Amino acid sequence: MTRLTGSALRVTVFIGENDTWHHKPLYAEIVHRAHAAGLAGASVFRGIEGFGASSRIHTSRLLSLSEDLPVAIVIVDTEERVRAFLPQLDELVTEGLVILDECEVIRYVGRTDDSGASDAKGKRSL
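A.B. asks: Describe the overall build of the chain, listing the residues and the values that go with them.
C.D. replies: Broken down by element type, the chain carries two helices and eight strands. Of the regular secondary structure in the chain, the N- to C-terminal order runs β-β-β-α-β-β-β-β-α-β. Evaluated residue by residue, the chain yields a buried proportion of 28% over its 126 residues.

A.B. asks: Kindly report on the environment of Arg81, identifying the contributing residues and their values.
C.D. replies: For Arg81, the location among the structural elements is in helix 2 (residues 79-92). Using a relative accessible area of 35% as the deciding quantity, one classes Arg81 as partly exposed. Expressed as a C-alpha distance, the spacing of Arg81 and Leu9, which sit 72 residues apart in the sequence, is 8.8 Å. Among all residues touching Arg81, those that are not within four sequence positions of it are Ala37, Gly38 and Leu39. Within the local environment of Arg81, its side chain forms a polar contact with the backbone oxygen of Gly38, the two atoms lying 2.3 Å apart.

A.B. asks: Quick rundown of helix 1 (residues 26-36)? Include the residues and the values.
C.D. replies: Among the residues making up helix 1, those that are buried are Leu26, Glu29, Ile30, Arg33 and Ala34. The arc enclosing the buried residues of helix 1, seen along the axis, measures out at 130°, which places them on a common side. Residues of helix 1 that are exposed and point over 90 degrees away from its buried face: His32, His35 and Ala36. Each element contacted by the buried residues of helix 1 is listed here: strand 1 (6-16), strand 2 (20-21), strand 3 (24-25), strand 4 (42-46), strand 7 (70-77) and helix 2. Where helix 1 terminates, the next one or two residues include Gly38, which has phi positive at roughly 80°.

Quick notes on the rules
Residues numbered from 1 in each chain as written. Predicted model: local features only at pLDDT ≥ 70, side-chain atom pairs only at ≥ 80, totals over all residues. Heavy atoms only, no water. Helix = DSSP H or I, 4+ residues; strand = E, 2+ residues; numbered from the N terminus. Buried < 20%, exposed > 50% of the residue type's maximum accessible area, 1.4 Å probe, protein only. Contact = heavy atoms within 4.5 Å. Polar contact = N/O pair within 3.5 Å; in protein donor to acceptor, adjacent residues only side chain to side chain. Arc of directions from axis to C-beta.

Printed below as a string of structure tokens:
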């Protein structure tokens, strides 16, 4: 069971949905590397509209010319573990924004691996 509480560091990476790393989505590479590094967790959020350093607005609205929507990858773990991961982000993120925020984790508990069976949606059966 994974547990994390107290002071933590959140890294948020803002990139474009169409950004790639070796012909695969960049956001997927970041998540897989965070997992391989043993970080507590990572999530990817797709934006519906935004702009960055280019000042070009990207939007999901109908009839829009832009399909390269903003994507945010959020990773939270201890400061030491997040800072150890930053060199990998330096390698991967050539265009975008990486920010760090101190945060406090109130509750983070993974699922237990006991003998209770669960279905495909993670619901336990008795």
